[in-house]
Amino acid sequence: QVQLVESGGGLVQSGGSLRLSCAASGSRFSIVSMAWYRQAPGNQRELVANIASGGTTNYADSVKGRFTIPGDNAKNTVYLQMNSLKPEDTAVYLCNAGGISHATSRTFEVWGQGILVTVSS
């Protein structure tokens, strides 16, 4: 079973930076893609950014130019570098990973527990 562990959230002032980390652990699996979503109170969950194993990235328009999603394939880890943070970036950020289990030959999708990012004005 693949599990995701997130870290790095917290409180930051507007204009500041934070870096989130998400590490996948388990046995006999390969990651195909990883992503960060976020959900603010009263809002739907939205995709922030994703990265495929080959390195292709995709960003929500609201974070382009401010956020990046570097990955470390060797560590099955993805980061979310958030710069120039705004109060509207306040949300619970959730890591998502999709891949293949070599034990079952089946695809999987897993979510992290979520981590709170609060940006004060």
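Residues numbered from 1 in each chain as written. Predicted model: local features only at pLDDT ≥ 70, side-chain atom pairs only at ≥ 80, totals over all residues. Heavy atoms only, no water.

Undergrad: A description of the overall build of the chain should follow, citing residues and the corresponding values.
TA: Along the backbone of the chain there are 0 helices and 12 strands. Walking the chain from its N terminus toward its C terminus, one meets helices and strands in the order β-β-β-β-β-β-β-β-β-β-β-β. Rg of the C-alpha trace for the chain: 14 Å, near the compact-globule value of 14 Å for 121 residues, within the 12% margin. Taking the principal axes of the C-alpha coordinates as reference, the chain spans close to 50 × 25 × 20 Å. Buried residues in the chain amount to 40% of all 121 residues. Within the structure as shown, the chain displays about 6500 Å² of accessible surface, and the carbon and sulfur contribution to it stands at 47%. Looking at the chain, you have 9 positive and 7 negative side-chain charges, and the mean spots of the two groups are 6 Å apart. (Helix = DSSP H or I, 4+ residues; strand = E, 2+ residues; numbered from the N terminus. Rg over C-alpha atoms; globule rule 2.2 N^0.38 Å. Buried < 20%, exposed > 50% of the residue type's maximum accessible area, 1.4 Å probe, protein only. Areas by Shrake-Rupley, 256 points an atom, 1.4 Å probe, with all protein chains shown as cover. Lys, Arg positive; Asp, Glu negative; His and termini not counted. Charge placed at Lys NZ, Arg CZ, Asp CG, Glu CD.)

Undergrad: Go over the pattern of salt bridges, please, and point to the residues and values.
TA: Under the counting rule described, the total for this entry stands at 4 salt bridges. Between Arg 38 and Asp 89 there is a salt bridge whose closest N-O contact spans 2.9 Å. Separated by 51 residues along the polypeptide, Arg 38 in strand 4 (residues 29–39) and Asp 89 in the loop between strand 9 (77–82) and strand 10 (91–101) bring together distant segments of the chain. Across the pair Asp 89 and Arg 66 runs a salt bridge whose closest N-O atoms are separated by 2.7 Å. Of this pair, Asp 89 sits in the loop between strand 9 and strand 10 while Arg 66 sits in the loop between strand 6 (57–59) and strand 7 (67–68), placing them 23 residues apart in sequence. In this structure, Asp 89 and Arg 66 share a single accessibility class: buried. A network of salt bridges, in which partner residues are shared, links Arg 38, Glu 46, Arg 66 and Asp 89. (Salt bridge = Lys/Arg side-chain N within 4 Å of Asp/Glu carboxyl O.)

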